[in-house]
Amino acid sequence: MIIPQFCSWVQNTRMASAIRTSTWLFPTIESVHVLAITIVVGSAAMFDFRLLGIASRDRTVTQVHREVLPWTWAAFACAVVAGFLMFSSDAVKYYENGPFRWKMFTLLLVGLNAAIFEFGPFRGVSRWDSEKKTPLSAKLAGGISLVLWVFVVGFGRWIGFTKQ
Ligand code: HEM
């Protein structure tokens, strides 16, 4: 019961009403959301391609991790803020929306996959850091991440076509 109460509270805030009634605020925020997620998914894919051993093979895994993932996290924070602002404008309807719920669930799986990798295979990276061919556990983490991001984007796109 807490979440529906939070949704009806947040959509009645002045911020949410301003986004809902403005002709330019929502499309502007959605543009920021789309730009941020292109950097999130694009940079995450760059690291996943290295884990799959199909790109940046002349660079070590830790080098790509160090140079690319800060951009992923910064853009992710931006995508979450813009996403929450859009969500707040019609929170009750979004919370009831199937694709929105699947997208949030899939984002949790993205986080789980990344955490398992960081605290699992990545702990032993010194053994395969400069290898072009990476171990199966790293390939799996990279492959699962790519597939999950495709679903997040698909569910995100689907929200606009299904929200009442
Ligand atoms: C990095 C993670 C995320 C990705 C890859 C993502 C992806 C997308 C995509 C592809 C769209 C469709 C954009 C369009 O059609 O113009 C979208 C829309 C949306 N996203 Fe996200 N999103 C992310 C995070 C979030 C978060 C954390 C929230 C909420 C807290 C959120 C809330 C929304 C909302 C409300 C829409 C608008 C749907 C509509 O058109 O009415 N997103 N997202």
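Asks: Mind showing me how you'd approach the site of the ligand here?
Replies: Looking at the ligand, there are 25 residues lining it, with Glu30, His33, Tyr94, Lys103 and Arg157 nearest. Between the ligand and Tyr94 there is a distance of 2.6 Å, counted from an oxygen atom to a side-chain nitrogen or oxygen. The set of elements that each furnish at least two residues to the shell around the ligand consists of helix H3 (25-52), helix H4 (61-89), helix H6 (98-119) and helix H7 (136-162).

Asks: Would you explain the coordination of the iron atom of the ligand in this entry?
Replies: For a metal bound by four donors in a tetrahedral arrangement, the ideal donor-metal-donor angle is 109.5 degrees, while six donors in an octahedral arrangement ideally sit at 90 or 180 degrees. Here the iron atom of the ligand is held by His33 (NE2) and Lys103 (NZ), and the distances to it run 1.8 to 2.1 Å. If you look at the iron atom of the ligand, its six donor atoms make angles of 84 to 178 degrees with each other, and the shape they trace is octahedral. You can see His33 sitting in helix H3 and its partner Lys103 sitting in helix H6, a full 70 residues away along the chain. A residue is classified by how much of its surface remains accessible, and His33, at 11% relative accessible area, is buried. Residue classification places Lys103 among the buried positions, given a relative accessible area of 12%.

Asks: Just to check I follow, could you spell out unusual backbone geometry for this structure?
Replies: Phi is positive for Ser56, close to 50 degrees, though the residue is something other than glycine. Exposure remark for Ser56: the relative accessible area of 22% places this residue in the partly exposed category.

Rules used in this analysis
Residues numbered from 1 in each chain as written. Predicted model: local features only at pLDDT ≥ 70, side-chain atom pairs only at ≥ 80, totals over all residues. Heavy atoms only, no water. Near = heavy atom within 4 Å. Polar contact = N/O pair within 3.5 Å; in protein donor to acceptor, adjacent residues only side chain to side chain. Helix = DSSP H or I, 4+ residues; strand = E, 2+ residues; numbered from the N terminus. Donors = N, O, S within 2.8 Å, 3.2 Å for Na, K, Ca; no water. Tetrahedral: all angles 85-135°; square planar, octahedral: opposite > 155°, others 65-115°. Buried < 20%, exposed > 50% of the residue type's maximum accessible area, 1.4 Å probe, protein only.

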